[in-house]
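Descriptive structure summary
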Amino acid sequence: MRRVALATMVLAVGCAPAGSSSAAGSSDGAEPPELFGFGSAASAERVAMWDIDVKPDGEGLPPGSGTVAEGEQIYLMQCIACHGPTGTEGPNDVLVTREPWEEWPAGRTVGGYWPYATTLYDYIVKAMPQLTPGTMTADETYAVIAYILYLNDLVPEDAVMNAETLPAIEMPYRDRFVPDDRTGGSVIR
Amino acid sequence: MASNSRSSISRRTWIAATSGAVAAGLIKTKADAVKLVAQEAPTPPDDPTKVPGRFTSEVGVRAPEERPRRLTRSQTLSSSSRTPLQELQGTITPADLHFERHHAGIPDIRAGRHELLVHGMVERPMVFSMADLKRYPSVARTYFLECSGNGGGAYNRERMPVEITPQALDGLLSTSEWVGVPVSTILNEVGADPAATWILAEGADAAVMSRSVPMEKIMDDSLLAYGQNGEAIRPEQGYPLRLLLPGWEGNASVKWLRRIEVTDRPTMTRDETSRYTDPLKGGLSRQFSFFMDAKSTITFPAYPYTLPDTGWWEIQGLAWTGRGRITRVDISTDGGRSWTEAELQEPILPKSTVRFRHLWNWDGSESLLISRAVDETGYVQPTVQQLWEARGERTAYHNNQQRVWKVGADGAVTFGLGDLV
């Protein structure tokens, strides 16, 4: 009985006009419940295990810290092959801009483009090094970030990166990022 | 050996046909040659009415002469491949030809172990197995999906391509019937805080690709999709679960979705700051430029095709807009001096591709073919000059310029703006 009712309900939803979402009738006249309850509660530990992203205000940054000097060692071991000795040689993405430049943007590099320093943590801890992603500790991640920022002339040689110092860095081009102003209609933007 | 003699005759016929094809100028590309070779084996009977056919099979294959292929790039982990637009019919993209774009390879994920975590500004943080998700009321909708970098190859004034196929230029575009659960259903289930304004969607690939999406879009028409063209989503498209944001740039429709965090601000991930932002003139960069504005392109005749004959030809192509429905496609065969409305294939679905057709009597003179899409907001697909003027020339994302195809007096078709620049 139950299975039949469910199948019919799915059909009814499938025929609903575009735009309607979960609201649907059922064949036996019973209203579908406000909550179906399929799925299970996520424990705090479970959430913590996956909730590793970092927000621009620093929310999500773990404890730990790293220096420019430590970061240089990590960079030379784990990043140089793909990003080059000074972060500018490739073969993969150029990470550094320190030259003065004429035309916006001077490459989409950390120093020449990136609006938020916290993005470095969010990205590197998840996606780099590309062949062994997700293997760096918090200390190592902070350190390599300190080194990349140093290469970009954004922090001094004695800088220490941690959950307080990283979000405090003012990236030079943050104010250049503007919301989408395209609206359809007759104006080409 | 009857069958042998038959096949040798067949082979002779094939060679004759092949050389005929060469003479008629039908072998133009390597792909054409591959097609002809494919006809050779297994050798078909001369008369299929005299030989019993083959048995049923568990999984079908394409006819030997039909060899549509994605156009792949170098084998790197962050890469893409393109849909062969010029070889497809109608509007639906066969799932095995859907374009690919990923940042750390295609993960090997088993549906039985995959889970979606939904947490953040919610009353009840929850985990959903695929079986859980499939038990919710489902919907099926046909939508295009397009990378915002699509067409970018024709934006740079100095590097305008000439010998480029619709696939190479615009093949980061595909259309599927997607099946899944509205994200709004699941957010209702977890009790999302009405004060929440964004979500973060995160993938289970080796890049843990993640994007922030405004809540308004999520509650409007976004799907947690697990079905594609009648079957489970292909691994390349996000198996077993992807976010699907109709009409928005493909990158934000996060594949291999494993986590949704309900938040009150964007996370500013790498792929919404460093990439997928659009530098404008005046030293600014457009961020969260989600909408794919109206576009169209002619897929026939297009490079590398050569019209062998003057006379009647059906110009065909695709038009699409992320802002709703396409209302009109205009065709010009004289470089934009005059326009005629093309015929649109029904049904015209919102945020989906529309096939247009236009009968053209080619008189043999050099002709510039252009398609121009108009959508329900009144937006008219712009020329590249209009885009350069509005945005400057420092971005190639969201290039929806009118595509121009030049038919030479010899019938050869190339991409190009001709004298329009």
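Conventions we followed
Residues numbered from 1 in each chain as written. Chains lettered and ligands numbered in written order. Predicted model: local features only at pLDDT ≥ 70, side-chain atom pairs only at ≥ 80, totals over all residues. Heavy atoms only, no water. Helix = DSSP H or I, 4+ residues; strand = E, 2+ residues; numbered from the N terminus. Contact = heavy atoms within 4.5 Å. Areas by Shrake-Rupley, 256 points an atom, 1.4 Å probe, with all protein chains shown as cover. pLDDT = per-residue confidence, 0-100. Pairing = 2+ DSSP bridges. Buried < 20%, exposed > 50% of the residue type's maximum accessible area, 1.4 Å probe, protein only. Axes fitted to C-alpha atoms, helices over the stretch in contact; angles between N-to-C directions. Parallel < 35°, antiparallel > 145°, perpendicular 65-115°, else oblique. Nonpolar A, V, L, I, M, F, W, Y, C, P; charged D, E, K, R; others polar.

Now for the overall build of chain B. Along chain B, the regular secondary structure elements total 7 helices and 24 strands. A separation of at least 24 residues holds for 72% of the contacts in chain B among residues at least 6 apart in sequence. Per element, the accessible surface of chain B, about 17,300 Å² overall, is 52% carbon and sulfur.

With that out of the way, let us pick up the confidence of the model for chain A. Caution applies to low-pLDDT regions: their predicted coordinates should not be interpreted in detail. Within chain A, residue pLDDT values average 88, and 86% of them lie at 70 or more. Low pLDDT, under 50, characterises residues 1-23 of chain A; the predicted model gives this stretch 24 contacts beyond four residues in sequence or across chains.

All names here are of chain B. Taken together, 4 strands build an open sheet; the order of strands is E16-E17-E21-E20 and the sheet is antiparallel. The sheet is open, and its two borders are formed by strand E16 (295-300) and strand E20 (343-344), each paired with just one other strand. Taken together, the 2 bridges between E20 and strand E21 (residues 354-362) define a ladder with antiparallel strand orientation. Within E21, the position partnered with Leu344 by the bridge is Phe356.

Right, let's get into the sheet that holds strand E2 (residues 79-82) of chain B. Residue and element names in this part refer to chain B. With respect to topology, 3 strands assemble into an open sheet ordered E1-E2-E3, the strand pairing being antiparallel. Each having just a single partner strand, strand E1 (71-72) and strand E3 (100-102) make up the two edges of the open sheet. With 2 bridges joining them, E1 and E2 adopt antiparallel strand pairing. Along E2, the bridge assignment pairs Thr72 with Ser81.

Structurally, B:Glu163 can be placed in the loop between strand E6 (139-146) and helix H4 (166-170). Owing to a relative accessible area of 60%, B:Glu163 belongs among the exposed residues under this scheme.

Attention now goes to the packing of helix H3 (residues 68-78) of chain A against helix H6 (residues 138-151) of chain A. Residue and element names in this part refer to chain A. Taken N-terminus to C-terminus, the directions of H3 and H6 make an angle of 95°; their axes are 7 Å apart at the nearest point. By the criterion of interaxial angle, the relationship of H3 to H6 is roughly perpendicular. Facing Val68, Glu70, Gly71, Glu72, Ile74 and Tyr75 of H3, the residues of H6 in contact are Glu140, Ala143, Val144, Ala146, Tyr147 and Tyr150. Its residues assigned to classes, the contact of H3 with H6 shows 8 nonpolar, 1 polar and 3 charged.

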